[in-house]
Amino acid sequence: MELIDGKAISQAIKDELKDKVSELKAKGIEGSLAVIQVGNDPASSVYVKNKKKACEYIGIGSVSYELPEDTTEEKLLGIIKELNADTSVIGILVQLPLPAGLSEDRVLNAIDPSKDVDGFHPVNVGKLVIGEDTFVSCTPAGVIELLKRSGVSIQGKHAVVIGRSNIVGKPMALLMLRENATVTVCHSKTADLKAIAKEADILIVAMGKPKFIDADYIKPGAVVIDVGIHRDSENKLCGDVDFDSVAPLASKITPVPGGVGPMTIAMLMANCVKSLLKR
Ligand code: NAD
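Being a predicted model, the structure only gives us computed values, none of them experimental.

### Observations regarding the overall build of the protein chain
A count of helices and strands for the protein chain gives ten helices and eleven strands. Since a compact globule built from 279 residues should have a radius of gyration of about 19 Å, the 19 Å found for the protein chain is in line with a globular shape. Viewed in the frame of its principal axes, the protein chain has a C-alpha envelope of about 50 × 45 × 40 Å. The burial tally for the protein chain puts 48% of its 279 residues in the buried class. Considering only residue pairs separated by 6 or more positions, the protein chain has 70% of its internal contacts joining residues 24 or more positions apart. Within the structure as shown, the protein chain displays about 13100 Å² of accessible surface, and the carbon and sulfur contribution to it stands at 52%.

### Brief notes about the pairing of strand β8 (residues 223–226)
Along β8, one buried face is formed by Val-223 and Ile-225 and the opposite face, lined by Val-224 and Asp-226, is buried too. Taken together, the four bridges between strand β7 (residues 202–205) and β8 define a ladder with parallel strand orientation. When the bridges of β8 are listed, Val-205 appears paired with Asp-226.

### Looking at unusual backbone geometry
Backbone torsion omega between Leu-96 and Pro-97 reads 0°, so that peptide bond is classified as cis. Relative to the helices and strands, Pro-97 is located in the loop between β4 (89–94) and α4 (104–110). Between Val-256 and the following residue, Pro-257, the backbone shows a cis peptide bond with an omega angle of 0°. Mapped onto the elements of the fold, Pro-257 is located in the loop between β11 (252–253) and α10 (261–277). Phi is positive for Lys-211, close to 50°, though the residue is something other than glycine. Within the secondary structure layout, Lys-211 lies in the loop between β7 and β8. Phi angles above zero are rare outside glycine, and Asn-235 is one such case at about 65°. Assignment of secondary structure puts Asn-235 in the loop between β9 (230–231) and β10 (237–238). The exposed category is assigned to Asn-235, whose relative accessible area is 52%.

### Here we look at the packing of aromatic side chains
Applying the stated criterion across every chain, the model contains one aromatic pair. Judged by centre distance (6.0 Å) and plane angle (55°), the ring pair of Phe-212 and Tyr-217 falls under tilted. In this structure Phe-212 comes out as partly exposed when scored by relative accessible area, which is 36%. Residue Tyr-217 is classed as buried on the basis of its relative accessible area of 10%. Over the ring of Tyr-57 we find Lys-18; its NZ or CZ atom is 4.4 Å from the centre of that ring.

### Brief notes about the sheet that holds strand β2 (residues 32–38)
Across the sheet, which stays open at both edges, the three strands sit in the order β3-β2-β4 with parallel pairing between neighbours. Whereas interior strands pair on both sides, the edge strands pair on one side only; in this sheet they are β3 (61–67) and β4. The mean angle between the axes of side-by-side strands here comes to 15°, regardless of whether they run parallel or antiparallel. Running at roughly 180° to β2, helix α3 (residues 73–85) makes contact with β2, β3 and β4 of the sheet.

### Thoughts on the sheet that holds β8
Pairing within the open sheet is parallel, and its six strands lie in the order β1-β11-β8-β7-β5-β6. The open sheet is flanked by β1 (2–3) and β6 (182–186), the only strands paired with a single partner. Where β1 lies against β11, two bridges are found, and the strand directions are parallel. Each bridged residue has a counterpart across the sheet, and for Leu-3 the counterpart in β11 is Ile-253.

The rules behind the values
- Residues numbered from 1 in each chain as written.
- Predicted model: local features only at pLDDT ≥ 70, side-chain atom pairs only at ≥ 80, totals over all residues.
- Heavy atoms only, no water.
- Helix = DSSP H or I, 4+ residues; strand = E, 2+ residues; numbered from the N terminus.
- Rg over C-alpha atoms; globule rule 2.2 N^0.38 Å.
- Buried < 20%, exposed > 50% of the residue type's maximum accessible area, 1.4 Å probe, protein only.
- Contact = heavy atoms within 4.5 Å.
- Areas by Shrake-Rupley, 256 points an atom, 1.4 Å probe, with all protein chains shown as cover.
- Pairing = 2+ DSSP bridges.
- Phe/Tyr/Trp six-rings, centres within 6.5 Å; stacked < 30°, edge-to-face > 60°.
- Lys NZ or Arg CZ within 6 Å of the ring centre and 35° of its normal.
- Axes fitted to C-alpha atoms, helices over the stretch in contact; angles between N-to-C directions.

Right under this line is the structure:
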């Protein structure tokens, strides 16, 4: 069994991006990521802080909007409209979840698709479906990078994706299809998950159920990617995969923490650089 080191791979990506950003800066091409947080959910604050830190590391600017919990949708949409028009802004990110009463759909749809570095806008999702180059949701894009950079060949493999959320499972399945895998998508209504998972050459788990997937779901030699993040009863981080049970059977596996997690921010930075390159 080989561990897929998401920490090292995400660091390598950020270093490549840092070089690219300084090349662009020398040509006078620069811009900032706008990060909007509404309310002060502690987990969101940590994510926002890490995103700003990553911007600083690769050398792009970041402007942050920390708005009170009772911000109206009208006010938020007004800020997005201004940022859409501001040519110094290369990306707009609204940290989710939004407080109750604000429509995530309306807010995300208001972002100019050419600044949608999270890849959540229906225009960008549609482009992904028809195979056009676009901003892709960061976590599934990160999984593709993890696989490629750990030498896993995807073409012709049977990939099973467990989970069909709009931000992870669905784009994940589309990306694996784009890489010429044969893809099966499983979800909460799938009959006989075990039998299907056991057919996977590459098993990608994004179901939001701590340590759900054990050795009984694994074909010996499978590559196992664990997208889940949870705290277990001892307050330790764990994934959707029961690592100790699965690792002995897998050929390669991502740990939690240090697997998929660090890739999300690296791919957000990659999307920001992609936006810069389009200038
Ligand atoms: P979600 O709750 O929106 O979706 C979960 C999916 O799993 C659903 O489509 C559901 O049908 C499926 N599912 C649930 N129970 C199932 C079962 N018993 N059998 C088969 N399928 C089942 O979650 P999400 O936003 O896609 O996130 C999934 C996990 O990934 C969560 O643990 C989340 O914290 C984590 N996550 C991590 C990152 C990261 O940066 N590493 C980013 C996003 C999400």
